[in-house]
Amino acid sequence: MPPAVARLPRNRAGRPVPGNIAWYEADDDGSILVTRNDELGGHITCPCTPGRGTPRFGEQCSDRQRQLMVQRRCGLCTQAIEPTAQLVFIGESDARYYLGPPLHPLCAAYALQVCPVLHAEGERIEVALTQSYALAEDRITAVSADGALRRSAFPFGDLGAHHLAVLEFYLAFPDAPERLTAPTWLAQHDLKLLP
Ligand SMILES: [Zn+2]
Ligand SMILES: [Zn+2]
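Treat the numbers as computed from the prediction; the structure is a model and nothing was measured.

(A) The overall build of the chain, seen in detail. Helices and strands together make up the secondary structure of the chain, namely six helices and ten strands. A compact globule built from 195 residues should have a C-alpha radius of gyration of about 16 Å, and the chain, at 17 Å, falls within 12% of that. Each of the three principal axes of the chain carries a C-alpha extent, and together these read 55 × 40 × 30 Å. When each of the 195 residues of the chain is scored for burial, the buried share is 43%. Restricting to contacts in the chain with at least 6 residues of sequence separation, those with at least 24 account for 69%. In the form shown here, the chain has an accessible surface area of approximately 10,800 Å², with 54% of it arising from carbon and sulfur atoms. Computing the positive centroid from 18 side-chain charges and the negative centroid from 22, the chain places the two 4 Å apart.

Written out as structure tokens, the structure reads:
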């Protein structure tokens, strides 16, 4: 386990909770909070605190997801990724963009080995290796009668979108990524760690 991962808050089973995961406290009624400022326009905000309440694996905190993406910090351990260092996105085959923040290679390798969902997907999970990525905005444009949210991608920082739609997450588009299936990449990774 990478040292920065060992310092993360844990769930009841003792498993470190990734930095991008949302936490719920007992008095949380599940409502979605929308606010507005000059920087982001309308946006969803999440007031949760890591380590307080219960983590919901598979659900990202909108505030921390956006911070991690913009600040080039690791979605698992939350530490900065050096500007010239390789980083990893985890997703489905040939994904054009990623909703999960970038990861340090060691953190990605750890996640692929311990996360039951990722582990079960095996060859269907792909890693995208790159040194840089561009961002776009995932905004909610409408709520249909049955409560389903309609979403559109907008350019990063597009002022027109501020009034049209509510920002929830950033989308990361890796620059010229090298793509490998997760098992293949892990096998290579282990080889590189040998003396
Ligand atoms: Zn939150
Ligand atoms: Zn990390």
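(B) Fine view of the sheet that holds strand β10 (residues 178–181). Strands sit in the order β5-β6-β10 across an open sheet of three strands; the sheet is antiparallel. A single partner strand is all that each edge strand has here, and the edge strands are β5 (87–92) and β10. Averaged over all pairs of adjacent strands, the angle between their axes in this sheet comes to 25°, without regard to strand direction. As judged from the four bridges shared by strand β6 (residues 125–130) and β10, these two strands associate in the antiparallel manner. Across the sheet, A128 pairs through a bridge with R179, a residue of β10. The strands touched by helix α3 (residues 105–114) within the sheet are β5 and β6, with β5 carrying the most contacts at an inclination of about 30°.

(C) Molecular detail of the coordination of the zinc ion (ligand 1). Ligation of the zinc ion (ligand 1) by protein atoms is provided by C46 (SG), C48 (SG) and C61 (SG), these donors lying 2.1 to 2.3 Å from the ion. In primary-sequence terms, the residues that donate to the zinc ion (ligand 1) follow C-x1-C-x12-C. Placement of the pair is C46 in the loop between β3 (41–45) and β4 (54–60) and C61 in the loop between β4 and α2 (62–70), with a sequence separation of 15 residues. Of the residues examined, C61 reaches a relative accessible area of 1% and is grouped as buried.

(D) Layout of the pairing of β3. Burial analysis of β3 places four of its five residues in the buried class, the great majority of the element. When strand β2 (residues 33–37) meets β3, the two strands line up antiparallel, connected through five bridges. Bridge assignment links L33 to a residue of β3, and that residue is T45. If you look at the hairpin formed by β2 and β3, you'll find three residues sitting between the two strands.

Scoring rules and cut-offs
Residues numbered from 1 in each chain as written. Chains lettered and ligands numbered in written order. Predicted model: local features only at pLDDT ≥ 70, side-chain atom pairs only at ≥ 80, totals over all residues. Heavy atoms only, no water. Helix = DSSP H or I, 4+ residues; strand = E, 2+ residues; numbered from the N terminus. Rg over C-alpha atoms; globule rule 2.2 N^0.38 Å. Buried < 20%, exposed > 50% of the residue type's maximum accessible area, 1.4 Å probe, protein only. Contact = heavy atoms within 4.5 Å. Areas by Shrake-Rupley, 256 points an atom, 1.4 Å probe, with all protein chains shown as cover. Lys, Arg positive; Asp, Glu negative; His and termini not counted. Charge placed at Lys NZ, Arg CZ, Asp CG, Glu CD. Pairing = 2+ DSSP bridges. Axes fitted to C-alpha atoms, helices over the stretch in contact; angles between N-to-C directions. Donors = N, O, S within 2.8 Å, 3.2 Å for Na, K, Ca; no water.

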